[in-house]
Amino acid sequence: HTFGTVNTPVIPGYQADKAVAGGETVTPDDLNKVVTVSYTKVADQLAQIIYRDDDDNDKVLATDDSSQFKGLSGKAGSEINYDPQSHIDQFINKGYELKNNGFPAGAVFDNDSNKTQTFYIDFIHGTTTVTPDNPGKPGEPINKDPKGPKWPDGTDQASLTKTISQTVHYVYADNTKAANDSVQSVAFKHTLVFDNVTGKQIKDLGWDYENHTFKEVVSPDITGYT
């Protein structure tokens, strides 16, 4: 007779010498069979969270590890006691946008003591488009970080707007007024795009009109005059 095999129970922090036990073959002449599974204590597992800038060739922005956060060290199979949200918010305040949070809720330590378990959280640079209707404020921070980049000159409403006018004057030969002026005007609006992290201009989308032609004006008739 052959006894069935038994899956060895997992005990966090310990390594069993057999993943499966039993499966012994016995005969009527055998006494009771005893199978021993030995557990040895394994070192605590380590994890780290790496924050990267995807728009800057995956530049490492910060690394959180067990030297800073006790919860990033623990027994194999146990839940990692770490919440990245506050650190994510810090980078968002600096003008970044979250691209991918590679640290899942309920993440657990693996069983590999030979390397540090690594999770990646990736960001891209947020951008702001400025127009006369949504201008910048030269000298004030672009993002929520008071020590971050400031809006440069040329991003205020006045700098992003140009109003061009055409005025036709009607006068007599002695230069006195003959009729009311005819006035036409057009406002050109400039659009620029800025990187919220670096504060640099990354696009110039130009003016909303490349050019404008004023309408033809018909001069008023004044009796007795040409």
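That block above? That's the structure.
My aim in this report is to walk through the structure given alongside it, one point at a time. (Residues numbered from 1 in each chain as written. Predicted model: local features only at pLDDT ≥ 70, side-chain atom pairs only at ≥ 80, totals over all residues. Heavy atoms only, no water.)

Assigned secondary structure in the protein chain consists of 1 helix and 13 strands. Listing the helices and strands of the protein chain from first to last along the sequence gives β-β-β-β-β-β-β-α-β-β-β-β-β-β. Here the C-alpha atoms of the protein chain give a radius of gyration of 37 Å, more than 25% beyond the 17 Å that 2.2 N^0.38 yields for 226 residues. C-alpha atoms of the protein chain, sized along the principal axes, occupy 140 × 40 × 20 Å. Taking all 226 residues of the protein chain together, 28% fall into the buried category. Within the protein chain, contacts between residues at least 6 apart in sequence are counted, and of these 55% link residues at least 24 apart. As displayed, the protein chain has an accessible area near 15,100 Å², and 48% of this comes from carbon and sulfur atoms. Side-chain charges of the protein chain comprise 20 positive and 32 negative groups, with the mean position of each set lying 4 Å from the other. (Helix = DSSP H or I, 4+ residues; strand = E, 2+ residues; numbered from the N terminus. Rg over C-alpha atoms; globule rule 2.2 N^0.38 Å. Buried < 20%, exposed > 50% of the residue type's maximum accessible area, 1.4 Å probe, protein only. Contact = heavy atoms within 4.5 Å. Areas by Shrake-Rupley, 256 points an atom, 1.4 Å probe, with all protein chains shown as cover. Lys, Arg positive; Asp, Glu negative; His and termini not counted. Charge placed at Lys NZ, Arg CZ, Asp CG, Glu CD.)

Relative to strand β12 (residues 177-195), strand β10 (residues 127-130) runs antiparallel, the two sharing 4 bridges. By the bridge assignment, Thr128 is partnered in β12 with Phe194. Note: strand β11 (residues 161-171) against β12, 10 bridges, orientation antiparallel. From the neighbouring strand, Tyr170 faces β12, where its bridge partner is Ala179. (Pairing = 2+ DSSP bridges.)

To describe a pair of aromatic rings, one takes the distance between the centres and the angle between the planes. Tallied over the full model, the rule gives 11 aromatic pairs. Ring geometry for Trp151 against Phe194: centres 5.4 Å apart, planes inclined by 80 degrees, an arrangement best described as edge-to-face. Of this pair, Trp151 sits in the loop between β10 and β11 while Phe194 sits in strand β12, and the two are 43 residues apart along the sequence. The exposure classification of Trp151 matches that of Phe194, with both residues buried. Chaining the aromatic ring pairs together yields one cluster made of Tyr51, Phe91, Tyr96 and Phe123. (Phe/Tyr/Trp six-rings, centres within 6.5 Å; stacked < 30°, edge-to-face > 60°.)

Overall, the coordinates contain 6 salt bridges when judged by the stated rule. One salt bridge in this structure joins Asp133 and Lys189, with 3.8 Å as the shortest N-O distance. In this pair, Asp133 is assigned in the loop between β10 and β11 and Lys189 in strand β12, connecting sequence segments 56 residues apart. Since its relative accessible area comes to 34%, Lys189 is described here as partly exposed. (Salt bridge = Lys/Arg side-chain N within 4 Å of Asp/Glu carboxyl O.)

Here Ala187 is to be found in strand β12. Along the backbone, Ala187 and Lys203 are 16 residues apart, and their C-alpha atoms lie at a distance of 21 Å. Those residues in contact with Ala187 that sit more than four places away from it in its chain are Lys162, Thr163, Asp208 and Tyr209.

A separate point is helix α1 (residues 85-93). When we look at burial in α1, the residues that qualify are His87, Ile88 and Phe91. Seen from one end, α1 has its buried residues packed into an arc of 105 degrees, which puts them on one side. Against the buried residues of α1 lie β5 (45-53), β6 (59-64), β8 (96-101) and β9 (117-125). (Arc of directions from axis to C-beta.)

Quick look at the nonpolar core now. Ranked by internal contacts, the top residues of the largest apolar core, which has 17 residues, are Ile49, Tyr51, Ile80 and Phe103. When near neighbours in sequence (up to four residues on either side) are disregarded, Ile80 contacts Ala47, Gly71, Leu72, Phe103, Ala107, Val108, Phe109, Gln117 and Phe119. Core analysis: the second largest hydrophobic core is formed by 6 residues, Val130, Ile142, Leu160 and Leu192 among them. (Core = buried A, V, L, I, M, F, W, Y, C linked by side-chain atoms within 4.5 Å.)

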